[in-house]
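So the chains spell out like this:
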Amino acid sequence: MRELRVVGVEADGTHVICQDPESGEKYRMAADERLRAAARGDISRLGQIEIEMESTLRPREIQARIRAGATVAEVAALAGVPVDKVERFAHPVLLERARATELASMAHPIREDGPTVSTLGEVVGEAMTALGHNNQDVDWDAWKGDDGYWVVQVSWHVGRTDNHAHWRFQLGSHGGTADPLDDLADELTHPEMITPRRRLTPVATPDLAPTPAVEHEPEGHDEVTFDADRLIDAQRTRTGQIPPSHDEHGTVAIDFGTPDSDSTPSGSTDQSGDDREPDSAVTTASGEQATDDAATNGKPRRRSRKPAVPAWEDVLLGVRSNGNG
């Protein structure tokens, strides 16, 4: 790079005359604002001048648009310059908007009877809880309107819908005030009037198709084993019935609505008692054989107070047995 030496200025003062000390060749340079800023060592002014020359917006206009609520990308597209050249002018304005948002959250919303005791942040949090939303999903923003007052915005998403509520923030004593600007902001200002929404809680999906256990036999046959309890519960779950309760031995107690013996007219006997043989045996729930005392003594067998326990096949297939056993 050659080093030039200033030797003079043209008569009209629009150019500076420089000379190469080695060759003696002379050059002239426009005495514009950039040259003056470079002579002063004002680097920030050089950047502003560069923006002014490349962009259709001046730095002051860029900051004014950012303060009014525009994004950096929107201003860069409008000015026709890269985003990084706009960010250095937008950064202090973005900090100003963030500070205004913080102060607005500590302001007191205005109702019909005056400012509330609670702050805007507390009122919005209570309203979001009543609406069934998470307060952490709420976005806050602020910008300066045309009237010179700050406008604070609260945004949240419900499905594919974007909701926005706006207040006019006026800085003052005790945190200032926030006046609702739309119906949604007025609704959030009165959280006690919001009807709480019911929230759905996910439940576990029942296992309607239990996986059978498959055992391979040496002869080449497959033995499939099903869990009877799970199969019955799955069938009752499909039909909306409640599974019957059973004890640790698998015995199911089912009430068939058998009338008590006290309600049976005197003199009536069970016909099945006459048909039984004296030496017939009764099978108990545990599978043991017991001798029928009534048949052995020759007396007619009275109806039992307890309902007979159905067979395991009846429970598995859902067949309802009669009350006589």
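The model shown is predicted, which means the values in this text are computed figures rather than measured ones. Numbering of residues starts from 1 in each chain and follows the order in which that chain's sequence is written. Local features in this predicted model are restricted to residues whose pLDDT is 70 or higher, and side-chain atom pairs enter the listing and the counts only when it is 80 or higher, whereas totals over whole chains, interfaces and linings include all residues. As a rule here, side-chain values cover all heavy atoms of the structure and leave hydrogens and water aside.

Q: Where do I start with the overall build of the chain in this structure?
A: Under the scheme used here, helices are H or I runs from DSSP no shorter than 4 residues and strands are E runs no shorter than 2 residues, and both carry numbers assigned from the N terminus. When its secondary structure is counted, the chain shows eleven helices and 13 strands. For each residue, the accessible area found with a 1.4 Å probe, counting protein chains only, is set against the maximum for its type, and the residue is called buried under 20%, exposed over 50%, and partly exposed in between. Residues classed as buried in the chain amount to 26% of the 325 residues present. Relative to all contacts within the chain whose residues are 6 or more apart in sequence, the contacts with residues 24 or more apart total 37%. Note that accessible areas follow from Shrake-Rupley with a 1.4 Å probe, and for residues the cover is restricted to the protein chains shown. Counting only carbon and sulfur atoms, one obtains 51% of the accessible surface of the chain, whose full area is about 22800 Å². When checking whether two residues touch, look at their non-hydrogen atoms; a contact exists if any pair is within 4.5 Å.

Q: How should I be thinking about the confidence of the model for the chain in this particular structure?
A: In low-pLDDT segments, the atomic positions of the prediction should not be examined closely. pLDDT is a residue-level measure of predictor confidence that goes from 0 to 100. Mean pLDDT over the chain stands at 74; residues scoring 70 or higher make up 61%. Of the regions scoring below 50 in pLDDT, residues 261–296 engages in 28 contacts with residues more than four places distant in sequence or in other chains.

Q: I'm lost on the pattern of salt bridges in this one. Help?
A: Once their charged atoms are close, side chains differing in charge can pair, the charge on each being opposite to the other. Salt bridges are identified by distance alone: a Lys or Arg side-chain nitrogen within 4 Å of an Asp or Glu carboxyl oxygen. For the structure shown, the criterion picks out seven salt bridges. A salt bridge links E96 to R67; its shortest N-O distance comes to 3.2 Å. Of this pair, E96 sits in helix α5 (residues 83–105) while R67 sits in helix α3 (residues 59–67), placing them 29 residues apart in sequence. Note on E96: relative accessible area 31%, which makes it partly exposed. One salt bridge connects E192 with R111, and the closest N-O pair in it is separated by 3.4 Å. You can see E192 sitting in the loop between α7 (183–189) and β10 (213–216) and its partner R111 sitting in strand β4 (residues 108–111), a full 81 residues away along the chain. A residue is classified by how much of its surface remains accessible, and R111, at 23% relative accessible area, is partly exposed.

Q: I would appreciate a short explanation of a negative patch on the surface in the present structure.
A: The patch calculation keeps residues exceeding 30% relative accessible area without a salt bridge and links them within 9 Å when they carry like charges or within 5 Å when they are nonpolar (Val, Leu, Ile, Met, Phe, Trp, Tyr). Charged residues are defined here as Lys and Arg on the positive side and Asp and Glu on the negative side; His and the ends of the chain fall outside this count. A single reference atom marks each charge: NZ on Lys, CZ on Arg, CG on Asp, CD on Glu. Negative charge collects at one region of the surface, where E112, D113, D183, D186 and E187 lie side by side. Look at D113 and you get exposed, because its relative accessible area is 71%.

Q: Hey, could you run me through unusual backbone geometry in this one?
A: One can expect most non-glycine residues to show negative phi and most peptide bonds to be in trans. Here the phi dihedral of H174 falls at roughly 60°; this positive angle occurs in a residue that is not glycine. For H174, the location among the structural elements is in the loop between β8 (161–170) and β9 (177–180).

Q: In this structure, what is going on with the sheet that holds strand β6 (residues 139–144)? I would like to understand it.
A: The strands making up a sheet associate through hydrogen bonds between their backbones, and the pairing can be parallel or antiparallel. When DSSP finds two or more bridges between two strands, those strands count as paired. Spatially, the six strands line up as an open sheet ordered β5-β4-β9-β8-β7-β6, and their pairing is mixed. If you trace the sheet from one side to the other, it starts and ends with β5 (114–115) and β6, each paired once. Bridge analysis of β4 against β9 gives two bridges, and the strand direction is parallel. Of the residues in β9, the one forming a bridge with P109 is A178.

Q: Would you explain the sheet that holds strand β3 (residues 26–30) in this entry?
A: Taken in spatial order, the three strands make up an open sheet running β1-β2-β3, and their pairing is antiparallel. In the strand order of this sheet, the two ends are held by β1 (5–9) and β3, each with one partner. Each strand of the sheet is rotated relative to its neighbour by a mean of 35°, with strand direction disregarded. As paired strands, strand β2 (residues 15–19) and β3 are joined by five bridges and run antiparallel to one another. Residue pairing across strands places H15 opposite A30, the latter belonging to β3. Here an angle of 0 to 180 degrees is reported between the N-to-C directions of two axes, which are lines fitted to C-alpha atoms, with helices fitted over the stretch in contact.

Q: Honestly, the packing of helix α4 (residues 72–79) against α5 in this entry has me stumped. Any pointers?
A: Helix packing for two helices is described by the angle between their axes and how far apart those axes are. Orientation of α4 relative to α5, taken along the N-to-C sense of each, is 135°, at an axis distance of 9 Å. Overall, the two elements α4 and α5 adopt an arrangement that is oblique. Handedness of the α4/α5 crossing: right-handed. The segment α4 lies against α5, with V72, V75 and A76 engaging V83, V86, E87, A90 and L94. Polar here means any residue other than Ala, Val, Leu, Ile, Met, Phe, Trp, Tyr, Cys and Pro, which are nonpolar, and Asp, Glu, Lys and Arg, which are charged; Gly is therefore polar. A breakdown of the residues in the contact of α4 with α5 according to their chemical character gives seven nonpolar, no polar and one charged. Should an angle lie under 35 degrees it is considered roughly parallel, over 145 roughly antiparallel, and from 65 to 115 roughly perpendicular; all remaining angles are considered oblique. Crossing handedness follows the turn of the near helix against the far one: under a right angle anticlockwise gives a left-handed crossing, and clockwise gives a right-handed one.

Q: Is there a simple way to explain the nonpolar core in this structure?
A: Burial of nonpolar side chains together is a common tendency in soluble globular proteins. Counting 22 residues, the largest nonpolar core has M128, W156, W167 and L188 as its most contacted members. Within the residue set of this core, elements represented by two or more residues are α5, α6 (120–131), β7 (150–158), β8 and α7. Top element by residues in this core is α6. It accounts for six residues. When neighbours within four sequence positions are excluded, M128 is seen to be in contact with H133, N135, V138, W156 and L188. Nonpolar cores were defined as sets of buried Ala, Val, Leu, Ile, Met, Phe, Trp, Tyr and Cys residues, with membership established by side-chain atoms within 4.5 Å. I62, A70, V72 and A76 belong to the second-largest nonpolar core, a separate cluster that totals twelve residues.

Q: What is the right way to read the packing of α3 against α4 from this model?
A: At their nearest, the axes of α3 and α4 sit 10 Å apart, and the two run at 145° to each other. Seen along the crossing, α3 lies across α4 with a hand that is right-handed. On α4, the residues touching I62, R65 and I66 of α3 are V72, V75 and L78.

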